[in-house]
Amino acid sequence: ANVLAGGYPDGPVARIFLFPTGVNVSDACGSVLCPDETSSPTRTSFSLSASPTTSSYLSPTEAPTEGGPTHNPTLAPTSTILTSSPSTSLTLEPTSSPSTSPTLEPTASPSAAPSVSPNVAPAESGATLSPTENKLCAPIYPDPGMWTDAVLPDISTVMSLNNTADAGVVELIIHPNSDSMQRSTIRDNSFVLKNKASENIQAILIDVTDCVMSDSVFDPDGTAGDAGFLALKFKGSDQTYGGESVFKFFQDPPFNGDPVIQEVAGSTGGYKGLYYEFPTPLAKGQVMRFGVEMDGNSIAKVADDKWKLGAYLDDAQKTWNLGGISGSELIGSRFYVKFQNGATAMGHIGSDGYKAGGKAKAKYRSSEKSVIIKFVTDTGIIRSDEKRIGQYGGVVPALQIEGQQGAQVRISILKGFNPVLNDAKYPNNALGVRGLIEERLHRGSPQFPVNNFYDVQSRDYTLGVDGKVCIQDFDGNFNFSSVPNYSHKTYIAIVANVLAGGFPEGPIARIFLHPTGVDVSDTCGSVLCLGETSSPTSTSNIPSASPTTSPSLSPTGAPTGAPTQNPTLAPTSTTLTSSPATSPTLEPTSSPTMSPTLEPTSS
């Protein structure tokens, strides 16, 4: 804007810059008044509509057209939507001193009292950027949507289940006490089976259908993963066991014939189940060790020389072991045992507290002990029992675990990625090697599109008298750092389970988080948990944030006086507080001279 004289600028040109939120400006979202009484505009030619040829967001009344959005944009994703009941007023206190009081008039009548208590701690005054990336703390990305449970196979086709108290205890441990993220199950000592029951073991079944990293499959013949393959092999024996009597729950090739992905010839979907019946039952106290080839199905039949070209390098500057599946990459899977007396037992594979390890205890289960994960950010709460995919980036989130009073729980953050970087065309499409694998991942595992973990961080807690525990400051316990020197997105899964004797005592709760592309940082503010919580009881086995860094292992105390309201969307630079008898206020970092008010147009 500038002053005019004779049609020419008569002074400097003032300017402001606006970034898009990705949502159309619309009367349906409300409107604001100027800071004081103003005259009517003399022209009405200004418009904030998007380019007709590039816009992918529609106003609330428009119908989507071909090529339009695949999600439903919200009215105001970057700020809190404030509403007011007739008996209360809302006061906005800005960070600078306005000369007059601007008012906000929503067009719709509120139907309920305002929800204005997102527990967002204020950021430093004027701090709007991530410390390491020149991006806003809260960029807008489409809602990733929901995820669905895996369709579990019919176990009775392999093993008749008979969950009775006659069943004993059997332990399964995979890569115990290991922090080597590139471990592979192909070594014949990868799985350790221990019979601690009084009964002999007749057969075992490992089902990876419900694995958190759902790309994991058994690949006994080299068609479902990389070029390497191995059927079941026990330590100390040269004999291998394969075929349909051992490998169960075969998957049809997921994408063969797809016109978008001209699939690699000969690739298959692999197997989700491994079943073995002992010729001589395994007696009490006996231990068996074995190995089998497992891969991410997304890399099926992709030539080694193609994916290795430009692949991600580890700390030793060696190509990342793309096909290696470690014990932690089997978290969420199920383990079944059949005893000679006909009883059966079942267990869940969870973290052993180290980066690469997994473990399960099959036993008689009269009931399952479970937990709920609540991931709290400035944009809302992601719950493990609601199956909504969340996002991370910007503000430091909080995590709350709910379950049975006094229960010990293990929480693990699983950071996943696809280490293939080669974009050359392969085999005959424009996707490239990496693009082919990414497309397979996003179609087959949209909630967690990864084929490798590069970091796993675990910690144990005891739930308080209210059955809850809060991780208030992730920087003190866990971290959200990305893969070092890696330009693509890092996806995260957070899992939790009840512990008994160091083994999972129930199902593995999980949430999935997609990146916004912005670092999690105190600079962007932080959020509080949902209520009074207990302190962590131990700091065992917290893996480093990255191969070259290590977070603090000191447990943090539980926050006091934490509010119980659910957070809603809010700018990261403010804290919203509310009292039934007073008007909700925005508390700024500096004191204004006047307070703009927010007035509804109708009751």
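As the structure is a prediction and not an experimental result, all values here were calculated from the model. (Residues numbered from 1 in each chain as written. Predicted model: local features only at pLDDT ≥ 70, side-chain atom pairs only at ≥ 80, totals over all residues. Heavy atoms only, no water.)

## Topic: the overall build of the protein chain
The helix and strand tally for the protein chain stands at three helices and 34 strands. In the protein chain, buried positions account for 48% of the 603 residues. Within the protein chain, contacts between residues at least 6 apart in sequence are counted, and of these 78% link residues at least 24 apart. Surface accessibility of the protein chain: about 27,600 Å² in total, with carbon and sulfur atoms responsible for 51%. (Helix = DSSP H or I, 4+ residues; strand = E, 2+ residues; numbered from the N terminus. Buried < 20%, exposed > 50% of the residue type's maximum accessible area, 1.4 Å probe, protein only. Contact = heavy atoms within 4.5 Å. Areas by Shrake-Rupley, 256 points an atom, 1.4 Å probe, with all protein chains shown as cover.)

## So, the state of the cysteines
Scanning the model with the defined rule gives one disulfide in all. At a sulfur-sulfur separation of 1.8 Å, the disulfide partner of Cys470 is Cys529. Here Cys470 and Cys529 share a disulfide; its torsion about the S-S bond, 85°, makes the bridge right-handed. Of this pair, Cys470 sits in strand S27 (residues 468-471) while Cys529 sits in the loop between strand S31 (526-527) and strand S32 (575-579); the two residues are 59 residues apart in sequence, bridging distant segments of the chain. Pair check on accessibility: Cys470 and Cys529 agree, each one buried. (Disulfide = S-S within 2.5 Å.)

## Topic: the sheet that holds strand S11 (residues 232-234)
The seven strands are arranged S12-S11-S15-S8-S7-S20-S19 in an open sheet whose pairing can be described as antiparallel. The sheet is open, and its two borders are formed by strand S12 (240-241) and strand S19 (350-351), each paired with just one other strand. For strand S7 (residues 170-174) and strand S8 (residues 191-195), the ladder comprises five bridges, and the chain directions are antiparallel. Note on S8: the bridge partner recorded for Val170 is Asn195. (Pairing = 2+ DSSP bridges.)

## Let's talk about the packing of aromatic side chains
Each aromatic ring pair is specified by the distance between its two centres and by the angle formed by the two planes. On inspection of all chains with the given rule, the structure shows 21 aromatic pairs. Ring centres 5.9 Å apart and planes at 55° place the aromatic pair Tyr312 and Trp320 in the tilted group. Neither residue differs from the other here; Tyr312 and Trp320 are each classed as buried. The structure contains a cluster of three or more aromatic residues connected by ring pairs, namely Phe191, Phe234, Tyr241, Tyr276, Phe278 and Phe290. Over the ring of Trp147 we find Lys387, and its NZ or CZ is 5.3 Å from the ring centre. (Phe/Tyr/Trp six-rings, centres within 6.5 Å; stacked < 30°, edge-to-face > 60°. Lys NZ or Arg CZ within 6 Å of the ring centre and 35° of its normal.)

## Remarks on unusual backbone geometry
The backbone of Lys301 sits at a positive phi, close to 65°, despite the residue not being glycine. Following the sequence through the fold, Lys301 ends up in the loop between strand S16 (294-296) and helix H1 (304-307). Owing to a relative accessible area of 34%, Lys301 belongs among the partly exposed residues under this scheme. Even without glycine at this site, Asn485 takes up a positive phi of about 55°. In this structure, Asn485 sits in the loop between helix H3 (474-477) and strand S28 (491-500).

## Observations regarding the environment of Ile382
With respect to the helices, strands and loops of the structure, Ile382 is situated in strand S22 (residues 380-383). Taking the C-alpha atoms as reference, Ile382 lies 9.6 Å from Leu399; in sequence the two are 17 residues apart.

## Here we look at the nonpolar core
Phe290 and Phe335 are the most contacted members of the largest nonpolar core, which totals 58 residues. Considering each element in turn, this core owes the most residues, five residues, to strand S14 (residues 271-282). Counting 27 residues, the second largest nonpolar core, distinct from the first, contains Ile373, Phe375, Ile411 and Leu513. (Core = buried A, V, L, I, M, F, W, Y, C linked by side-chain atoms within 4.5 Å.)

## A few points about the pattern of salt bridges
This structure, assessed with the given rule, holds 15 salt bridges. As a salt-bridge pair, Arg334 and Asp210 come within 3.8 Å of each other at their nearest N and O atoms. Residue Arg334 is located in strand S17 (residues 334-339), and its partner Asp210 is located in the loop between strand S9 (201-207) and strand S10 (216-218); the two are separated by 124 residues in the primary sequence. No difference in accessibility class separates Arg334 from Asp210, as the two residues are buried. (Salt bridge = Lys/Arg side-chain N within 4 Å of Asp/Glu carboxyl O.)

## Digging into the confidence of the model for the protein chain
For the protein chain, the mean per-residue pLDDT works out to 75, and 68% of the residues sit at or above 70. Counted against residues more than four places away or in other chains, residues 37-45, with its pLDDT under 50, gives zero contacts. Ignoring residues within four places in sequence, the model shows residues 532-603, a span with pLDDT below 50, making 224 contacts including any to other chains. (pLDDT = per-residue confidence, 0-100.)

## Things to note about the sheet that holds strand S21 (residues 372-377)
Note on sheets: strands pair through backbone hydrogen bonds, and any given pair is parallel or antiparallel. Spatial strand order, S22-S21-S24-S27: four strands in an open sheet with antiparallel pairing. Single-partner strands in this sheet number two, and they are S22 and S27. When the angles between neighbouring strand axes are averaged without regard to direction, this sheet yields 20°. Bridge analysis of S21 against S22 gives four bridges, and the strand direction is antiparallel. Looking at the pairing, Lys374 lines up with Arg383 of S22. (Axes fitted to C-alpha atoms, helices over the stretch in contact; angles between N-to-C directions.)

## So, the pairing of S9
Counting buried positions along S9 gives six out of seven residues, so the element sits mostly inside the fold. Note: S9 against S14, six bridges, orientation antiparallel. Each residue of the ladder has a partner; that of Ile201, found in S14, is Leu282.

## Topic: the environment of Thr209
Among the secondary structure elements, Thr209 is positioned in the loop between S9 and S10. Each C-alpha atom of the pair Thr209 and Gly273 lies 7.6 Å from the other, and the pair is 64 residues apart in sequence. When sequence neighbours within four positions are dropped, the list of residues in contact with Thr209 reads Ala150, Val151, Leu152, Pro153 and Lys272. Separated by 2.5 Å, the side chains of Thr209 and Asp207 make a polar contact. (Polar contact = N/O pair within 3.5 Å; in protein donor to acceptor, adjacent residues only side chain to side chain.)

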